Amino acid sequence: MSAQMVHPVLKNGVGAFVPQCRRLVFHYCERSGSSRGMIEYLKKDLIQFAKEHPHVEVIVTPRPSKHPVIRGLYLNGKDKVVCVRNMEPTDIAGKVALLKESSGNKMKTFKKPVISTTESVRGIWSPFHTAPHKI
């Protein structure tokens, strides 16, 4: 009897991380003072970012007479736009990291403190549900 390799069945992305950000588009104005930090970021840090993250497509386009923005496009078809006018290159690097690590989904407000697929018959336990104790 020979030993066989057991291959796990992967479901719903379990076992493999799929980055959600597929494209970052950098828009800037070549003459505007609000794009100064963006131009500096593009010249110094963007090439290193593109080498470290080959799964993210990087597009740089000039947009005359407009404030600089970074647009992140995601696998779910949604996008997020961040205005980076008058920001320093270090601040822009933080915004780029935020867009890269984001999933593209909108922020959700939770109406209940517990999220479950099956509702509890008794409800959520609280110490105030018991009879009062006397000391």
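An unreviewed UniProt entry lists the chain under the name Large ribosomal subunit protein mL43, from Podila minutissima. Looking at the chain in UniProt, the text filed under Sequence similarities (unreviewed entry) is "Belongs to the mitochondrion-specific ribosomal protein mL43 family." UniProt, in the comment section headed Subcellular location (unreviewed entry), describes the chain in these words: "Mitochondrion".

The subject of this paragraph is the pattern of salt bridges. Within this structure, the stated rule accounts for 4 salt bridges. For Arg23, the salt bridge identified is with Glu57, shortest N-O distance 3.1 Å. A residue pair is termed long-range when its members are at least 10 positions apart, and Arg23 in strand β1 (residues 21–28) and Glu57 in strand β2 (residues 57–62) qualify at 34 residues. The class for Arg23 is partly exposed, based on a relative accessible area of 23%.

Another aspect to go through is the pairing of β1. The element β1 is extensively covered by neighbouring structure, given that 6 of its 8 residues are classed as buried. In this structure, β1 lies alongside strand β3 (residues 69–74), joined through 6 bridges in antiparallel fashion. In the strand pairing of β3, His27 is matched with Val69. When β1 meets β2, the two strands line up parallel, connected through 6 bridges. Residue Val25 lies in a different strand from β2, and its bridge partner there is Ile59.

Ordered in space as β2-β1-β3-β4, the 4 strands form an open sheet in which the pairing is mixed. In this open sheet, the two strands that pair with only one neighbour each are β2 and β4 (79–83). Strand-to-strand twist across the sheet, computed as the mean angle between neighbouring axes with direction ignored, equals 15°. Across the face of the sheet, helix α1 (residues 36–44) comes into contact with β1, β2 and β3 while running at roughly 130° to β1.

The nonpolar side chains of soluble globular proteins are, as a tendency, buried together. Leu24, Phe26, Met38, Tyr41, Ile70 and Val96 are the most contacted members of the largest nonpolar core, which totals 17 residues. Ranked by the residues each element gives to this core, the list is headed by β1, at 4 residues. Sequence-distant contacts of Ile70, defined by excluding residues within four places in its chain, comprise Leu24, Val25, Phe26, Met38, Lys80, Val81, Val82, Val84, Ile92, Val96 and Leu99.

Of all the positions in α1, only Gly37, Met38, Tyr41 and Leu42 are classed as buried. The buried side chains of α1 occupy one side of the element, clustering within an arc of 135° when seen end-on. α1 presents Arg36, Lys43 and Lys44 as exposed residues on the side facing more than 90 degrees away from its buried surface. Considering only its buried residues, α1 is in contact with β1, α2 (46–52), β2, β3 and α3 (89–101).

This part is about the environment of Pro113. Counting through the fold element by element, Pro113 comes out in the segment after α3. For the pair formed by Pro113 and Ile124, sequence separation is 11 residues and the distance between their alpha carbons is 9.1 Å.

Considering the arrangement of structural elements, one finds Pro68 in the loop between β2 and β3. By relative accessible area, Pro68 is classed as buried at 0%. With near-sequence residues (within four places) excluded, Pro68 lies in contact with His27, Tyr28, Ser34, Ser35, Met38, Val82, Cys83, Val84 and Arg85.

Thresholds, definitions, all that
- Residues numbered from 1 in each chain as written.
- Predicted model: local features only at pLDDT ≥ 70, side-chain atom pairs only at ≥ 80, totals over all residues.
- Heavy atoms only, no water.
- UniProt positions renumbered as here; feature names shortened; annotations may be inferred.
- Salt bridge = Lys/Arg side-chain N within 4 Å of Asp/Glu carboxyl O.
- Helix = DSSP H or I, 4+ residues; strand = E, 2+ residues; numbered from the N terminus.
- Buried < 20%, exposed > 50% of the residue type's maximum accessible area, 1.4 Å probe, protein only.
- Pairing = 2+ DSSP bridges.
- Axes fitted to C-alpha atoms, helices over the stretch in contact; angles between N-to-C directions.
- Contact = heavy atoms within 4.5 Å.
- Core = buried A, V, L, I, M, F, W, Y, C linked by side-chain atoms within 4.5 Å.
- Arc of directions from axis to C-beta.

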